[in-house]
Amino acid sequence: MYKLYQMEPLIRECFLDGKTFSFPINGSSMQPLLHTNDIVTIAKIDEVKKGDIILFKRNESQYVLHRVIKIKNKLSFVGDHQTKIETGIDSSQLVAKVISYKKKGSNKSHNLNSLSYKIYKILVRFSLVRFIFSKLL
């Protein structure tokens, strides 16, 4: 399986051409929305808003896909399946924004502008809901 740090130049080239980039994810931090081997489609970031799912770099080779929960001078993120908030992320660490996803084995794309997704996004903003999700899954 490829590593995102190896793919970042290709991702940035796609964005320069006005294209998007899709790849399978690995991990459980964004459950119940996203699971390992679900496919996310990312695009260049024009604006960052609370609730957006952003791909950012923790360091040179560790990429994280989490939700924005606070925007000040620095950004704060948390996975939907987590309760620990990651703070102090600089805008220079941001790579892309998730615009849609496909569940493993499905051809149906889920746009992040749908009503059901918007309701889900509101619910996961509350740490109690994230805590309940983390205990149920």
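### Looking at the overall build of the protein
Broken down by element type, the protein carries three helices and eight strands. The order of helices and strands in the protein, counted from the N terminus, is α-β-β-β-β-β-β-β-β-α-α. The contacts in the protein between residues at least 6 apart in sequence include a share of 49% that link residues at least 24 apart.

### Observations concerning the confidence of the model for the protein
Low-confidence regions, as indicated by low pLDDT, have predicted coordinates that should not be scrutinised in detail. Of all residues in the protein, 90% have pLDDT values of 70 or greater, and the mean over the chain is 88. Mean pLDDT values over the elements of the protein span from 61, in helix H3 (residues 127-136), up to 97, in strand S2 (residues 39-43).

### Notes on the pattern of salt bridges
As enumerated under the stated definition, the model contains seven salt bridges in all. The residue Asp-52 makes a salt bridge to Lys-97 at a minimum N-O spacing of 3.1 Å. Placement of Asp-52 in the loop between S2 and strand S3 (53-57) and of Lys-97 in strand S7 (residues 94-102) is noted, with a sequence separation of 45 residues between them. The exposure classification of Asp-52 matches that of Lys-97, with both residues buried. The partner of Lys-74 in a salt bridge is Asp-90, with the nearest N and O atoms 3.5 Å apart. Taken together, the residues span a long stretch of sequence, with Lys-74 in the loop between strand S4 (63-71) and strand S5 (75-78) and Asp-90 in the loop between strand S6 (86-89) and S7 at a distance of 16 residues. On the basis of relative accessibility, which here comes to 42%, the residue Lys-74 falls in the partly exposed class. Accessibility expressed as a relative area gives 24% for Asp-90, which makes it partly exposed. Among the ionic contacts, a cluster of salt bridges with common partners joins Glu-8, Arg-12 and Lys-57.

### Concerning a nonpolar patch on the surface
Judged by side-chain polarity, Leu-115, Ile-119 and Leu-123 come together as a nonpolar surface patch covering roughly 300 Å² of accessible area. As for its position among the elements, Leu-123 is in helix H2 (residues 115-124).

### Structural notes on a positive patch on the surface
Taken together, Lys-50, Lys-70, Lys-72 and Arg-125 make up a surface patch of like positive charges. Along the polypeptide, Lys-72 turns up in the loop between S4 and S5.

### Re unusual backbone geometry
Note the cis peptide between Gln-31 and Pro-32, where omega equals 10°. Following the sequence through the fold, Pro-32 ends up in the loop between strand S1 (21-24) and S2. Despite not being glycine, Asn-37 has its phi angle at roughly 75°, a positive value. As for its placement among the helices and strands, Asn-37 is situated in the loop between S1 and S2.

### Section: the pairing of S5
Every regular strand shows the same layout, with side chains that alternate between the two sheet faces. Going residue by residue along S5, you find Leu-75 and Phe-77 tucked away on one face and Ser-76 and Val-78 tucked away on the opposite face as well. Across four bridges, S4 lies against S5 in antiparallel orientation. Each bridged residue has a counterpart across the sheet, and for Lys-70 the counterpart in S5 is Ser-76. Counted between consecutive antiparallel strands, the loop separating S4 from S5 contains three residues. Here S5 runs beside S6; their pairing, made up of two bridges, is antiparallel. By the bridge assignment, Leu-75 is partnered in S6 with Ile-89.

Cut-offs and rules
By convention here, each chain's residues receive numbers from 1 onward along its written sequence. Only residues with pLDDT of 70 or above have their local features reported here, since the model is predicted, and side-chain atom pairs are shown and tallied only from 80 upward, although totals for entire chains, interfaces and linings are computed over all residues. Note that water and hydrogens are dropped before the side-chain values are worked out from all heavy atoms of the structure. Runs of E in the DSSP output that reach at least two residues are strands. Runs of H or I that reach at least four are helices, and both are numbered from the N terminus. In this description, contact between two residues means that some pair of their heavy atoms is separated by no more than 4.5 Å. Per-residue confidence from the predictor is reported as pLDDT, a score between 0 and 100. Throughout this description, the term salt bridge denotes a Lys or Arg side-chain nitrogen within 4 Å of a carboxyl oxygen of Asp or Glu. Classification of residues uses two cut-offs on accessible area relative to the type maximum, computed with a 1.4 Å probe and protein chains only: under 20% is buried, over 50% is exposed, and between them is partly exposed. Residues enter patches when their relative accessible area tops 30% and they take part in no salt bridge; the joining distance is 9 Å for like charges and 5 Å for the nonpolar side chains Val, Leu, Ile, Met, Phe, Trp and Tyr. Each accessible area value is a Shrake-Rupley result obtained with a 1.4 Å probe; residue values ignore everything except the protein chains displayed when judging cover. When charges are tallied, Lys and Arg are placed among the positive residues and Asp and Glu among the negative ones, while His and the ends of the chain are skipped. A charged residue contributes its charge at one atom only: NZ of Lys, CZ of Arg, CG of Asp or CD of Glu. If DSSP finds at least two bridges between two strands, the strands pair.

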